[in-house]
Amino acid sequence: MAHTFTNYIDGQWVPARSGATYENRNPADRDDLIGLFPQSGAEDVAAAVAAAKKAFASWRLVPAPGRAEILYRAAQLFKERKDRFSDDMTREMGKVLAETAGDVQEAIDMSYLMAGEGRRLFGQTTPSELRNKFAMSVRQPIGVCGMITAWNFPMAVPSWKILPALVCGNTVVFKPAEEAPLTAINFVQTLIDAGLPPGVVNLVMGDGPGAAAPIVEHPDVSVVSFTGSTETGRRINETCARTFKKVHLEMGGKNVILVMDDAKLELAVDGAVWGGFGTTGQRCTAASRVVVHEKVYDQFLERFVARARQLVVGDGRQDGVQMGPSIHEDQLAKVMEYVAIGSAEGARLVLGGSRLAEGAHARGCFHEPTIFADVTPSMRIAKEEIFGPVVSVIKVGSLDEAIAVANDVAYGLSAAIYTQDINNAFTAMRDVYTGLFYVNAPTIGAEVHLPFGGVKATGNGHREAGGAALDVFSEWKSIYVDFSGKLQRAQMDTEQV
């Protein structure tokens, strides 16, 4: 019998009001039923928002260092539970244990960082224009925050959103991706065990139309933070604009690695392999394009194909496995469709291209690591986000051409260059229009104390992680104190001087 899980609303674990549930299955073995999870609707969201609104009245008055102590305790609990949480995550969304351990580590690091911010929610003090007047600015919480997160980093991304919101004094309604609800439960239970009061975080599970849309539309939700597809983010942004609701969007990517003619090729190949096939290519920061200087193109391609061919694909909980499954059949079908598109466009398929469906792969959603060569920048496989283990290799004749190709997509999240020329490195750092940039490293590996986010169709200007996250979940209040006890004129005159 499958275990039935429930929502967490106002300090209680409760089923969806409708009683409806949905199945969550292991993408590496579709016969493995992880459990039944609530298929929530507008009534459940309304109850969660009401609980968060009620809790906000008291939570915002808890001193920030006190809120931070809870996050510090949560960090310690995440450390203690890291192995179990990693195993649960691999089972429900597929990426290998080494990667899910890194996902949990992000939550640990973010908990410690935001715990420190509880004593660093700095404002400003500044000289006033007038005598006997004091001027300063302070951060203030906004209210109820709606958090809608993706399945590919199901503990890291919620930590980037929820923890800064909490330390600022906000309350939360959290709708995780329907493909990774068990990790969301693990995350929320850790906060509960760390001492978070009832109603401060509420967990509502289900699909987008049933559970996410009512959060976005609810008039008592003051902030919406979303990670997912660009098209869904656009609809959320349009909905929030009607009521001037604050919104943070982290969306798609079509990231690039530039390999110059002076690059250390083994290093570049390593970056292309893990940038392109880590998390089965299901990262917003995945390097799905590799732009290579013509002088080293053939040599790089030969080494890249040889390395990628050696990748072991399978259940991420098994020793030695380096790449797991696609998240579900629909995503696998999308990958296969893009492989057909690339072939039809005239790209040269040099590795992979097929579903893995025999033996140990028979019950899962597996696809071979796939590389297309001789790709042109105008091809769909070079412009559109595939979100799978498919990499396009593009030949260029110069750094300027490489930068032009890098920028010639709708997205702008992450990019990297492999070169031994510091001038090339700094030129690319300046001219490639992305929110993240790496030198002699793959397009993955962001650290929590720096801002994370992109430009163009990847984001809407806000950032997660680092101190920048506080700007999403707080607003500035400027304060003026007149301690002269008498009326003062707005402008200084000669007598005042």
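These numbers were taken from a predicted model, which means no experiment stands behind them. (Residues numbered from 1 in each chain as written. Predicted model: local features only at pLDDT ≥ 70, side-chain atom pairs only at ≥ 80, totals over all residues. Heavy atoms only, no water.)

Draft legend 1. Examining the state of the cysteines more closely. Taken as a whole and judged by the stated rule, the model has zero disulfides. We note that Cys240 lacks a disulfide partner, and the nearest cysteine sulfur, in Cys145, lies 12 Å from it. (Disulfide = S-S within 2.5 Å.)

Draft legend 2. Looking closely at empty space enclosed by the protein. With the rule as written, the count across this model stands at three cavities of 30 Å³ or more. Looking at the largest cavity, its volume works out to about 90 Å³. Lining the largest cavity we find 14 residues, and of these Gly281, Ala286, Ser288, Ile386 and Phe387 sit closest to its centre. Its residues assigned to classes, the lining of the largest cavity comprises five nonpolar, six polar and three charged. There is about 60 Å³ of room inside the second largest cavity. Along its surface, the second largest cavity is lined by 16 residues, and Arg289, Ala406, Tyr411, Gly412 and Thr434 are the ones closest to its centre. Contributing elements (two or more residues each) for the lining of the second largest cavity: helix H13 (399–407), strand S19 (411–412) and strand S20 (414–418). Of the residues assigned to the lining of the second largest cavity, the class counts are eight nonpolar, five polar and three charged. (1 Å grid on protein atoms, 1.4 Å probe; cavity = no way out; pocket = protein on both sides within 12 Å on 5 of 7 lines; lining within 4 Å. Points joined across faces, edges and corners; volume = space filled by probe spheres on them. Nonpolar A, V, L, I, M, F, W, Y, C, P; charged D, E, K, R; others polar. Helix = DSSP H or I, 4+ residues; strand = E, 2+ residues; numbered from the N terminus.)

Draft legend 3. A look at the packing of H13 against helix H14 (residues 422–431). The contact between H13 and H14 brings their axes to 11 Å, and the two run at 25°. As summarised for this structure, H13 and H14 are arranged roughly parallel, according to the angle between their axes. Here H13 runs over H14; the crossing is right-handed. Between H13, through Leu399, Ile403 and Asn407, and H14, the contact on the second element is made entirely by Asn424, Thr427, Ala428 and Asp431. In the contact of H13 with H14, the residues fall into three nonpolar, three polar and one charged. (Axes fitted to C-alpha atoms, helices over the stretch in contact; angles between N-to-C directions. Parallel < 35°, antiparallel > 145°, perpendicular 65-115°, else oblique. Left-handed = near helix turned anticlockwise from the far one by under 90°. Contact = heavy atoms within 4.5 Å.)

Draft legend 4. Quick look at the sheet that holds strand S17 (residues 370–373). In spatial order, the strands read S14-S17-S18-S13-S12-S20-S21; together these seven strands make up an open sheet with mixed pairing. Taken across any chain shown, the strands that pair with only one partner, and hence form the sheet edges, are strand S14 (348–351) and strand S21 (436–439). The sheet shows a mean angle of 20° between the axes of neighbouring strands, taken without regard to direction. Pairing analysis gives four bridges linking strand S12 (residues 256–259) to strand S13 (residues 289–293), with the strands arranged parallel. Bridge pairing in S13 places Leu258 opposite Val291. The strands touched by helix H9 (residues 265–277) are S12, S13, S17, strand S18 (390–396) and S20; relative to S12, the strand with the most contacts, the crossing angle is about 170°. (Pairing = 2+ DSSP bridges.)

Draft legend 5. Molecular detail of helix H7 (residues 208–217). Here H7 has its buried residues at Gly210, Ala211, Ala212, Pro214, Ile215 and Val216. Of the surrounding secondary structure, the elements contacted by the buried residues of H7 are helix H1 (42–59), strand S7 (144–148), strand S8 (171–175), strand S10 (221–227) and helix H8 (230–241). Capping of H7 at its N-terminal end is provided by Asp207; its side-chain oxygen lies 2.8 Å from the backbone amide nitrogen of Gly210. (Buried < 20%, exposed > 50% of the residue type's maximum accessible area, 1.4 Å probe, protein only. Polar contact = N/O pair within 3.5 Å; in protein donor to acceptor, adjacent residues only side chain to side chain.)

Draft legend 6. Examining the pattern of salt bridges more closely. Scanning the model with the defined rule gives 24 salt bridges in all. Its salt-bridge partner being Arg25, residue Glu23 comes within 2.9 Å of it at the nearest N-O pair. Accessibility expressed as a relative area gives 45% for Glu23, which makes it partly exposed. Among the ionic pairs, Arg283 bridges to Glu99, the shortest N-O distance being 3.0 Å. A residue pair is termed long-range when its members are at least 10 positions apart, and Arg283 in the loop between H9 and S13 and Glu99 in helix H4 (residues 97–117) qualify at 184 residues. Note on accessibility: Arg283 and Glu99 belong to one class, buried. Each of the salt bridges in this network shares a partner with another, and the network as a whole consists of Asp29, Asp31 and Arg363. (Salt bridge = Lys/Arg side-chain N within 4 Å of Asp/Glu carboxyl O.)

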